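Inside the fold
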Amino acid sequence: MSTTDLNSWILTLITFIPLGGAILLIFIPRRDRDIRVFALVTSLLAFILSLHLPAHFERGQSGFQFDVNAQWIASPNIHYHMAVDGFSMWLVLLTTFLTPLCVLISWNSIHNRVKEFFILLLILETALIGVFTSLDLFLFYFFWEATLIPMALLIGIFGHERRVYAAVKFFLYTMVASVFMLAAILWLYAKVGSFDFVMVQDAIRNGQVPGFATAAPWLFLGFFVAFAVKVPLFPVHTWLPDAHVEAPTAGSVLLAGVLLKMGTYGMLRFNLGLFPEQSQRNAPWIVTLALIGIIYGALVAMVQPNMKKLIAYSSISHLGFVVLGIFSFTSAGINGAVFVMLAHGVSTGALFMLAGVLHERRHTYEIREFGGLATPMPIYAAFFLFIVLSSVGLPLLNGFVGEFLVLSGAFRARALYGILGATGVIWSACYLLWMYQRVFFGKITHEMNNTLPDLTGLERAALWPAAVMALIMGVAPLIWLNAIDPAVQNALVPFGQLAAKAVGQ
Amino acid sequence: MTQTALHLWLIPLLPLLGAAINGLFGRRFSRPTVAAVGVGFCGAAFAMVLFVLARFFALSLPHIETYATWLRAGSFQVDYGFYLDELSMIMLLVVTGVGFLIHIYSVGYMWEEGGFYRFFCYLNVFMFFMLTLVLAHSYLVMFIGWEGVGLASYLLIGFWFTKDSAASAGKKAFIVNRIGDFGFLIALFLLIKHFGSLTFSQVFASISQLPVETAGAGLLTTIGILLMVGAAGKSAQIPLYVWLPDAMEGPTPVSALIHAATMVTAGVYMVARSHLIFDRAPMALTVVAVIGTLTAFYAATIGMAQTDIKKVLAYSTISQLGYMFLACGVAAYTAGIFHLMTHAFFKGLLFLAAGSVIHAVGGEQDMRKMGGLRSKIPWTFWTMTMGTFAIAGFPPLAGFFSKDEILWQASRVNMALWGVGEFTAFLTSFYMFRLWFLTFFGEYRGSAEESHAHAGHGAIHESPKIMLIPLVILAILSVVGGWVNIGKNFEKFLEPAFRSGSTAYTLTESAAQAGKAVGEQGSTELLFTLTSVLAAVLGLLLAWLLYKSHPELPAKIAAALNGLYTAVVNKYYVDELYAILFVKPLVEGSRKILWQGIDQGLIDDSINDMADGARKVSDTFRHMQSGNVRSYAGWIALGAAGVIAYMIWIALT
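Summarised in this report is the structure supplied together with it.

**Observations concerning unusual backbone geometry**
- Val-231 of chain A connects to Pro-232 of chain A through a cis peptide bond whose omega is -10 degrees.
- Examined against the element boundaries, Pro-232 of chain A turns out to sit in the loop between helix H10 (212–230) and helix H11 (239–246).
- With an omega of 0 degrees, the peptide bond between Ile-238 of chain B and Pro-239 of chain B qualifies as cis.
- By secondary structure assignment, the location of Pro-239 of chain B is in the loop between helix H8 (219–234) and helix H9 (243–246).
- Located in the positive-phi region is Phe-66 of chain A, a residue other than glycine, with phi close to 55 degrees.
- Tracing the chain through its elements places Phe-66 of chain A in strand S1 (residues 65–73).
- Look at Arg-113 of chain A: it is not a glycine, yet its phi comes out positive at around 50 degrees.
- Relative to the assigned elements, Arg-113 of chain A resides in the loop between helix H4 (86–106) and helix H5 (114–133).

**As for the packing of helix H14 (residues 307–326) of chain A against helix H17 (residues 398–413) of chain A**
Residue and element names in this part refer to chain A.
- For the pair H14 and H17, interaxial distance at closest approach is 9 Å and the crossing angle is 45 degrees. It follows that H14 is oblique to H17 by the angle criterion. Pair H14 / H17 crosses with left-handed handedness. When H14 is examined against H17, the residues Phe-321, Leu-324 and Gly-325 are found in contact with a partner set consisting of Glu-403, Val-406, Gly-409 and Ala-410.
- Looking at side-chain class alone, the contact of H14 with H17 contains four nonpolar, two polar and one charged residues.

**Quick word on the interface of chain B and chain A**
- The partner chain A presents 63 residues to the 50 residues of chain B that form the contact.
- Broken down by secondary-structure element, the contributors of at least two residues to the side of chain B that touches chain A are strand S1 (63–73), helix H5 (139–157), helix H6 (164–195), helix H25 (574–617) and helix H27 (629–652) of chain B.
- With 14 residues, the single largest contributor to the side of chain B that touches chain A is H6 of chain B.
- Looking at the side of chain B that touches chain A residue by residue, the classes come out as 31 nonpolar, eight polar and eleven charged.

**Overview of the nonpolar core**
- In this structure, Leu-324 of chain A together with Met-228 and Val-288 of chain B are the most contacted members of the largest nonpolar core, which totals 440 residues.
- Contact partners of Leu-324 of chain A, with chain neighbours within four places excluded, come to Val-287, Ala-290, Leu-291, Ile-294, Val-406, Ala-410, Tyr-417 and Gly-421 of chain A.

**Description of the packing of H14 of chain A against helix H15 (residues 331–362) of chain A**
Residues and elements named next belong to chain A.
- Running from N to C, H14 and H15 point in directions that differ by 170 degrees, and their axes come no closer than 8 Å. The orientation of H14 relative to H15 falls into the category roughly antiparallel. In this structure, H14 uses Met-307, Lys-308, Ile-311, Ser-315, His-318, Phe-321, Val-322, Gly-325 and Ile-326 to contact H15, whose residues at the interface are Gly-333, Ile-334, Gly-336, Ala-337, Val-340, Met-341, His-344, Thr-348, Leu-351, Phe-352 and Ala-355.
- The residue inventory of the contact of H14 with H15, partitioned by class, reads twelve nonpolar, seven polar and one charged.

**With respect to H5 of chain A**
- Between its first and last C-alpha atoms H5 of chain A spans 29 Å; for 20 residues at 1.5 Å apiece the expected length is 28 Å, and the two agree.
- In terms of residue burial, H5 of chain A counts as a mostly covered element, since 20 of its 20 residues are buried.

**Describing the pairing of strand S2 (residues 76–84) of chain B**
Residues and elements named next belong to chain B.
- Looking at chain direction, S1 and S2 are connected through nine bridges and run antiparallel. Each bridged residue has a counterpart across the sheet, and for Leu-71 the counterpart in S2 is Val-78.
- Count of turn residues in the S1/S2 antiparallel hairpin: two residues, of which Gly-74 carries a positive phi of about 60 degrees.

**A closer look at the environment of Tyr-67 of chain B**
All names here are of chain B.
- In this structure, Tyr-67 sits in strand S1.
- Residue class for Tyr-67 comes out exposed when judged on the 12 C-beta atoms lying within 10 Å of it.
- Residues Tyr-67 and Leu-135, spaced 68 residues apart in sequence, show a C-alpha to C-alpha distance of 13 Å.
- In contact with Tyr-67, other than residues within four places in its own chain, are Trp-9, Tyr-80 and Gly-81.

Reading the values: the criteria
- Residues numbered from 1 in each chain as written.
- Chains lettered and ligands numbered in written order.
- Predicted model: local features only at pLDDT ≥ 70, side-chain atom pairs only at ≥ 80, totals over all residues.
- Helix = DSSP H or I, 4+ residues; strand = E, 2+ residues; numbered from the N terminus.
- Axes fitted to C-alpha atoms, helices over the stretch in contact; angles between N-to-C directions.
- Parallel < 35°, antiparallel > 145°, perpendicular 65-115°, else oblique.
- Left-handed = near helix turned anticlockwise from the far one by under 90°.
- Contact = placed C-beta atoms within 7 Å.
- Nonpolar A, V, L, I, M, F, W, Y, C, P; charged D, E, K, R; others polar.
- Core = buried A, V, L, I, M, F, W, Y, C linked by C-beta atoms within 7 Å.
- Buried ≥ 20, exposed ≤ 12 C-beta atoms within 10 Å, placed from the backbone.
- Expected span 1.5 Å × (residues − 1).
- Pairing = 2+ DSSP bridges.

Don't take any of this as a statement about function, it's just geometry.
In structure tokens form, the structure reads like this:
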């Protein structure tokens, strides 16, 4: 098969290979080792195939690529339309990159219902990839909701003590919010007669949607509410810390690493893509919430006694940067926002894996249970420090590039945005280094910590790729930015026109 | 732009390679191997700098090398690139030269410590970032080094991480520096917004077209002050100096290299590098000069009452950095960089010698438990004596020339700056000779000789040759290092790096020259020089009086000055003040108001109440759902897969 043939098939393959694997897993006998190996192979296969995307992605081109568009159901008019641009391609890769690491980190920590666990994990992967590859609103919504079930089950079955509470809270929060998006999607379908994103976008841009002007504020909000809960934006964020604390490690990795980005991706694709005027009109309060999220999330993270909650609140802070960048409507801001999504996926994913390593050994995330761990676990301490540094935005590691671009974009949009956002560089150092000190430095205070074993081979195998990726993204971010920038310029076109119109008036 | 390729990138990358080798494999290496790698790669960087120096005078300056694009968004782009001119050449020599000596010294000093490989790995990491900082061709590449040296400092202050005080000091250094970095970042955002670039050549080309902001604070003044905020963090100036005294928790070679000779001067370097901005922003210059002068004086007063030998040197460092900022603040950048260089020699020396003293008396740092060490550790004594006379400003030692130049330049701008600077010179001489007398003269007051508690360490002993050789070399440099500026040769060499067009500097220059005839100026300068020497001598005499001839006096004076003395000993309670004003409210407010109040109370409770209400309505539904999550897991997964399969089937038919 030539590469052009593969181009039209590749997204389908990447999206459904994990699901295929999950279905096959049902028929594999309950030998845990076989199941783990099979899940690993499946997820690696999806990852290797996904490498085809950046390898054949046309960098200079701003539109959608690897397009596949076929009618699926005639009435209602639903198309199987999949394609990616510079935004979604990297999110697909983030998903396929993190899933094998999730399999590795769950290798020994999941002993019961191993089969169900990996089936759910692979179904989740398909749903996540589907969210980023779908260009049909119905298909998008289908995958969007499909992520809920496996994630809620992963938390509800394989989580810790209060898992059912957390799972139900997670499910209800995001489910309720999604209803508003569904309403908006159905309204658009009723007027345009198509779920196709590109057709809907064209119809809106050409003014062919009757009643759009009056409905637009509500449509914008419908999408935005669903996305804001997912991000999560202050003040609808309280499901996240609970979900994280109770989730198994792999669940947390995918939750923070990928699932939250569905929200910011949605804002970028749908809020900005379909409603540029509304985006601009609503930007002041959205940016305000993002800034509150950055500062508030960091300050609350600082005082958490539980390591996982701390990382969860830090995610709220980091995702605040993403929203800030998107709603700055500047090229640096949006480039940075997409980069923060990817960088946060890698570093916070790794942080959750690291927290899981400790839980594995001590069955607790309470920071005060530790202290002085650098002595018995030097390699673990080194990995942890490296990831902490990437998360606090040390230049040449992945966290810096995105944050810097976001802040410079926000500053350009309005100086105060950049100034308030930039206080984040102080806060992140406070909460992460303080936590690091309490866990790793000083003398050992709990006898049993003296004999904690250092990282196992499997744990190292899961952490090395994340650490190396954090370094590559920091040193050579251009690999990613080259593909992101055209999509950013494309997304900014209507904003340039809005500005021109404002000047013209 | 591409002339002869000098491969400047090798200079920082060599130590990075050393760090990588020791970091990844050092645990399995023997100590000599670790030392050879650590010292070797640092030495290689020094050799590379000498290689560059040999070709330096044939270059057309600035010599810029760009290698690859680091990041790009829209039209904004930053490349990896290095910038060599007179200023970065001097910095390269100081950093690699002094750095190399301190690497050698460390082999001896750290030989018996655990984590030997870790130490050299961090030290090499530091060299990589510091060299990146001074070679950077743009503010953002400089920022790589700027943050990176902060990381190395964090790691090395907390090197003995099982000590809580060391771990806390490392964290404090990092966080306080981040506060400065916040200012630095905002300055960068302003530069991007208004000039579209962070590359020196582009930014400076635009700025050199701008007029001097005489009418009040404008863009350049704002940028200048924000840069100074960054510099105040890195170079420990008021109000962000508080991390440096605590940083003395690190091993002494680290104090010498990072917290005296090189890293803490990065702020001075950055201000000097940005001279085009400051030259056009007289108000920003004034801020720099005032902060520098105040810090110099303030830190010197604290230094007078410290009893820990390293703490005295730490406050002295803060004070001397203040002099460098004073120089920059009166646009006498060459004088500032000159003092930066001589300070690297004598303060590096003083720290290493202090390390040798501490080593000799078995880890004791309290000068009250020293005394009479002169004859027991003669090499240390004599080298430290050179350093003490050099920093006190006795001619013809290095510190005399550079400090005198700063004070002379300050006097031409503002006599108050000069006066405070001169008085601080007296204080400097006093606290340094106090240290000198307390440590080396009188009777030994410690216990190392008698108790043989540490096996083999009991007797007071001179340090091994590997530590003494760097001391001797630095002592020689502390003596002769100032001579390079006889006939203003050093200033003439550096001067092209600070050429600026129409500037505040030339304004003050011409004002100064208009007031004084050239001949008169020569005799005035001599008068100022005599005053400086007098200040140094007075400091020595007072220290001799109090700590040599009448050792009972200090206690009486302290008792007489009760309140003031306690305040000085306790460093004016600034740490405590910061804790009450910032740290406590932030932590407690975050915990009680934000987390427990808003997050758990206001938001979560109200939403849970809402959910409860909804739950009552759909009670049966809830009952069905939540009880059976576990057992339905497989069915739901299977169901979802079935639905998808069905839809695919529809799609295919």
